[in-house]
Amino acid sequence: MTITLNVNGAERRIDAEPATPLLYALRNDLGLNGAKYGCGLGQCGACTVQLDGKAVFSCLLPVVAIQGRRITTVEGLGTIDKPGVLQQAFEIEQAAQCGYCIAGMIMRAQALLDRNPSPTETEIRVHMQPNLCRCGTHMRILRAVRRAADMMSGKLASLESGQ
């Protein structure tokens, strides 16, 4: 079956079974490898992407159920040459150890900051709770989300402005 997905602002057509998880379509059909397969049960967050601006587990979503909705992956936030603000903050804070969970963490954090550009520490912790980091860099991840919020508000400079 041909399915049309709106991924990172572009309409993309794939041939897939209707029950194919979005994660598989992103990785196998579209070559977007940021979202990772972790548990396959929606319990770890490695596969987190945004669907219409909300953080979701892509391993649980069948592609047929999301046609016409807006999907954003970590690849849609920036590039190696021009990283997005959250990507910059995660780099500055050295929030990644093995890196497996980081794309999902960034996507969950982006959903929070899009909705609430000045979250409290408690709001950040509660919002990020569904995503797990087995390496234990949660404190650096929380600092990176706070740094990104501060960079977006102008309290801290971004890499592009000379920091």
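Calculation notes
- Residues numbered from 1 in each chain as written.
- Predicted model: local features only at pLDDT ≥ 70, side-chain atom pairs only at ≥ 80, totals over all residues.
- Heavy atoms only, no water.
- Helix = DSSP H or I, 4+ residues; strand = E, 2+ residues; numbered from the N terminus.
- Buried < 20%, exposed > 50% of the residue type's maximum accessible area, 1.4 Å probe, protein only.
- Contact = heavy atoms within 4.5 Å.
- Core = buried A, V, L, I, M, F, W, Y, C linked by side-chain atoms within 4.5 Å.
- Axes fitted to C-alpha atoms, helices over the stretch in contact; angles between N-to-C directions.
- Parallel < 35°, antiparallel > 145°, perpendicular 65-115°, else oblique.
- Left-handed = near helix turned anticlockwise from the far one by under 90°.
- Nonpolar A, V, L, I, M, F, W, Y, C, P; charged D, E, K, R; others polar.

Colleague: I'm lost on the overall build of the protein chain in this one. Help?
Modeller: For the protein chain, the count of helices and strands is 5 helices and 5 strands. Across its three principal axes, the protein chain shows a C-alpha extent of roughly 50 × 30 × 25 Å. Within the span of the protein chain, comprising 163 residues, buried residues form 48% of the whole. Sequence-distant contacts, at least 24 apart, represent 55% of the contacts inside the protein chain between residues at least 6 apart.

Colleague: How should unusual backbone geometry be read in this particular structure?
Modeller: Glycine aside, residues mostly have negative phi angles, and peptide bonds mostly take the trans form. With a phi close to 55°, Asn8 is a non-glycine residue in the positive phi region. Tracing the backbone shows Asn8 in the loop between strand S1 (2-7) and strand S2 (10-15). Asn8 sits in the partly exposed class, given a relative accessible area of 28%. In this structure, Asp52 is a non-glycine residue whose phi angle is positive, near 50°. Among the secondary structure elements, Asp52 is positioned in the loop between strand S3 (48-51) and strand S4 (54-57).

Colleague: It is not clear to me how the nonpolar core should be interpreted in this structure. Could you clarify?
Modeller: Proteins that are soluble and globular tend to have nonpolar side chains buried together. Counting 24 residues, the largest nonpolar core has Leu86, Phe90, Met105, Met128 and Ile141 as the members making the most contacts within it. Looking at this core, the elements with two or more residues in it are helix H2 (85-92), helix H3 (102-115), helix H4 (121-128) and helix H5 (138-153). When residues of this core are assigned to their parent elements, the largest contribution, 8 residues, is made by H3. Counting residues in hydrophobic clusters, the runner-up holds 22 residues, among them Val7, Ala16, Leu22 and Val49.

Colleague: Please explain the packing of H2 against H3 as it appears in this structure.
Modeller: When two helices pack together, their arrangement is given by the angle between their axes and by how far apart the axes lie. Interaxial distance between H2 and H3 falls to 10 Å at its minimum, and their mutual angle equals 125°. One finds that H2 runs oblique with respect to H3. Along this stretch, H2 crosses H3, giving a crossing that reads as right-handed. Contact residues: Leu86, Gln87 and Phe90 in H2; Ile102, Met105, Ile106, Ala109, Gln110 and Leu113 in H3. Of the residues assigned to the contact of H2 with H3, the class counts are 7 nonpolar, 2 polar and no charged.

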